[in-house]
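# Tertiary structure, described
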Amino acid sequence: GFEPQSPSNIASHYSHSMGNIEEGFRDADLVVEREFKTETVHQGYIEPHNTTALWGNDGKLTIWCSTQGPFEVRDATAQILGLNVSDIKVIPMEIGGGFGGKFEPYGDPVAALLSKKTGRPVKIVMSRSEDLESTGPTSGSYLKLKLGAMRDGKIVAAQAYLAYEAGAYPGSPVDAAAMCIFAPYDIPNILIDGFDVVVNKPKTAAYRAPGATNAAFACETLIDELAIGLSIDPLVLRLFNAAKQGSRRPDGLIYPKIGCVETIEAMMEYNKENPVSKEVNVGRGFALGYWMNDGGPSACTIIVNSDGTVNLNEGSPDIGGTRSSIAMQAAEVLGLLPEDVHPVVMDTDSIGYTSGTGGSSVTFKTGMAAYYAAQDVKLQMTEFVAYIWELDAESVLYLNGVFKSREDDNLSMTFQDVAEKMASANIYVVGSSAIEGIGAGGAFAGCIVDVKVDEDTGKVDIVKVAMLQDVGKAIHPSYVEGQMQGGAAQGIGWALNEEYKMDSFGVMMNPSFLDYRMPTSLDLPMIDTVIVEVPNPNHPFGVRGVGEVSIVPPPPAVANAIHNALGVRLNRLPMNPSSVLEAIWNQMEQN
């Protein structure tokens, strides 16, 4: 019934269903239904899009750019310019933020053609206004949700209608939204319809867990309404309905080992230990979020130096500290100190194909590639040791950086000894791995927010924030906390301030950081973090992705906190002072 019969701006329709939705709602003791709207928002990375291109006399093109996906930029630029991928070398530079917005080659093909014309290298750096107006923000959206539950709190039916703006060309993240919207819960009867809608705005790009934040805003607000309607503690309701190993996600996936229950239990513990202030107009809100995480092809080579250190070459640009998290995984296998592993991000000519730094994939997939490359190094060195000791390779044990004979306790050599001996025999070890990186583990995050609302102005102050997240295994805990805090800060920006103001001609009216308002350190308290670890069985060290899911629950947590403080429901993002004030006035009129 939804498919357009005539030309339409609906580009795609996604549908997922389980059970019988009519029966589910018929059986329910309480049904809540509401509409939600979110505005277009931008990733807001500090460094704008930039590129330098040199089209050499030999017909080869070199591009230096700030990108999350050097191979994606290479392949798309080749397609645009009609070149072979082997004619283009992309050298990824240090990147000043991306959050999903730096995969597309906006200026690269233009700079390349100008370089061909002039015979000189050409550099293009976008101004902030150009960046906001002409690169890919994420979707504005309209969502209509309906949930049904029994008196005991069991959610028996969930229906969602999701319409996401794609901008001028198809491709909003509504498909991901449809996967994530009810993912934290085990609900028998579900119907989800998602629409990719083309509108006169910039073409959207990925933004940190694309699609999931809008979806969670709607779902988690309604979960809160159910809890209040049934007089059940909101965390108890979530725990009672939590997805577990064996639960089915609405798009069909049966969950392997996941940490949804453990994340909610951590929220309960934090809530108990940190009581909310009794101050007037202060409220606490809770929300859960899910992101499926990603893998993808990844390559790594490890070169053993004569001094017993190693060079690690990888293809994943480092945005969140992944050089360290990958070096640490190689060091773990080789029994070395992490500082003895020297990681370098290579250009597209110098390393095997590696999909971009997105989908919270790098510590998982490139870490796995480093793990197998390190195993390759270990094997080659073990064979050399066996040769000089005149033993079978099976008789040589390698443990904590030391080679030992299983047969003779007196035979032992350190990694450094062996590296030096091999070099003096002109034998140099290069371990390599190119993997597909499948088996990424989905991640859950909980957000607890305390707000103070000024009834006279509608201004919302964030008093306290806690992010609680299942990370699988925290390889580098302080970097993991940084990711959790960064996602929370961006989610609060979505919640309270950020939006594209467009005029009737589709022109952006606030194209600067003066008017497109992102939170700074002055707007937020210290963000508490609780790391939950439920290892991903598909990774040698239990890694799940970390970077994205933390942005998902903050907007609904803030909405639920505002309701807890004042008793008003907001169903539009951002919840800026004028929206909050309007909600307060409407409530006064009704009372």
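Residues numbered from 1 in each chain as written. Predicted model: local features only at pLDDT ≥ 70, side-chain atom pairs only at ≥ 80, totals over all residues. Heavy atoms only, no water.

Our focus in this paragraph is the sheet that holds strand S4 (residues 61-65). Note: strands within a sheet are paired through backbone hydrogen bonds, in either parallel or antiparallel orientation. With mixed pairing, the 4 strands of this open sheet are ordered in space as S5-S4-S3-S6. Whereas interior strands pair on both sides, the edge strands pair on one side only; in this sheet they are strand S5 (88-92) and strand S6 (122-125). On average, each strand axis in the sheet is inclined to that of its neighbour by 15°, with strand direction left out of account. Of the strands in this sheet, strand S3 (50-55), S4 and S5 touch helix H2 (residues 70-81), which is tilted by about 145° from S5. Set on the sheet, helix H3 (residues 108-118) makes contact with S3, S4 and S6; between it and S3 the angle comes to about 35°. (Pairing = 2+ DSSP bridges. Helix = DSSP H or I, 4+ residues; strand = E, 2+ residues; numbered from the N terminus. Axes fitted to C-alpha atoms, helices over the stretch in contact; angles between N-to-C directions. Contact = heavy atoms within 4.5 Å.)

Within the secondary structure layout, His563 lies in helix H13 (residues 554-566). Given the relative accessible area of 18%, His563 is considered buried. Excluding residues within four positions of it along the chain, His563 makes contact with Ile228, Val568 and Arg569. (Buried < 20%, exposed > 50% of the residue type's maximum accessible area, 1.4 Å probe, protein only.)

A few words now on H3. Within H3, the full set of buried residues consists of Asp108, Pro109, Ala111, Ala112 and Ser115. An end-on view of H3 places all buried positions within 160° of arc, on one side of the element. Elements in contact with the buried residues of H3: S3, S4, H2 and S6. The first or second residue beyond H3 is Gly119, which carries a positive phi of 70°. (Arc of directions from axis to C-beta.)

Here we come to unusual backbone geometry. For the bond from Leu573 to Pro574, the omega torsion is -5°, close enough to zero to count as cis. If you trace the backbone, Pro574 turns up in the loop between strand S21 (572-573) and helix H14 (577-590). Of note, Asn293 is a non-glycine position whose phi angle comes to about 60°, a positive value. Locating Asn293 in the fold gives a position in the loop between strand S10 (282-291) and strand S11 (298-304). Residue classification places Asn293 among the buried residues on the basis of a relative accessible area of 8%. Look at Ser360: it is not a glycine, yet its phi comes out positive at around 50°.

A separate point is the environment of Ala227. Among the secondary structure elements, Ala227 is positioned in helix H6 (residues 212-229). In the structure, Ala227 is positioned 74 residues away from Gly153 in sequence and 7.7 Å away in space, judged by C-alpha atoms. With residues near it in sequence (within four places) discarded, Ala227 still touches Ile232, Pro234 and Leu237.

Moving on, we come to helix H8 (residues 260-273). Helix length check: H8 (14 residues) gives 20 Å between terminal C-alpha atoms against 20 Å at 1.5 Å per residue, within 8%. Taken together, the buried positions of H8 are occupied by Cys260, Val261, Thr263, Ile264, Ala266, Met267 and Tyr270. The inward-facing, buried residues of H8 abut helix H7 (234-240), S10, strand S18 (443-453), strand S19 (460-470) and strand S20 (527-532). (Expected span 1.5 Å × (residues − 1).)

So, on to the sheet that holds strand S12 (residues 310-314). Read from one edge of the open sheet, 4 strands run S13-S12-S11-S17, paired in mixed fashion. The sheet terminates laterally at strand S13 (341-345) and strand S17 (430-435), the two strands that pair on one side only. Shown here is a sheet whose adjacent strand axes are inclined to one another by a mean of 15°, direction ignored. Strand direction decides the pairing type here: S11 and S12, joined by 5 bridges, are antiparallel. When the bridges of S12 are listed, Val304 appears paired with Val310. Where helix H9 (residues 322-334) meets the sheet, its contacts fall on S11, S12 and S13, and the angle it forms with S12 comes to roughly 130°.

Now for the environment of Glu265. Within the secondary structure, Glu265 is located in helix H8. Distance in space between the C-alpha atoms of Glu265 and Gly446 is 9.9 Å, their sequence separation being 181 residues.

Turning our eyes to something else, we now look at a negative patch on the surface. Residues Asp392, Glu394, Glu407, Asp408 and Asp409 make up a contiguous surface patch of negative charge. Examined against the element boundaries, Glu407 turns out to sit in the loop between strand S15 (402-405) and strand S16 (412-414). Look at Glu407 and you get exposed, because its relative accessible area is 60%. (Patch = residues over 30% accessible without salt bridge, like charges linked within 9 Å, V, L, I, M, F, W, Y side chains within 5 Å. Areas by Shrake-Rupley, 256 points an atom, 1.4 Å probe, with all protein chains shown as cover. Salt bridge = Lys/Arg side-chain N within 4 Å of Asp/Glu carboxyl O. Lys, Arg positive; Asp, Glu negative; His and termini not counted. Charge placed at Lys NZ, Arg CZ, Asp CG, Glu CD.)

A separate point is the nonpolar core. Within the largest apolar cluster, 107 residues are counted, with the highest numbers of intra-cluster contacts made by Leu145, Leu162 and Phe182. Of all the elements, H6 adds the most residues to this core, at 10 residues. Discounting residues that sit within four places of it in the chain, Phe182 has contacts with Leu145, Leu147, Ala158, Gln159, Ala160, Ile187, Ile190, Ile192, Cys219 and Pro250. Counting 39 residues, the second largest nonpolar core, distinct from the first, contains Val310, Ala327, Phe364 and Ala374. (Core = buried A, V, L, I, M, F, W, Y, C linked by side-chain atoms within 4.5 Å.)

As far as function goes, none of this settles anything; it's purely spatial.
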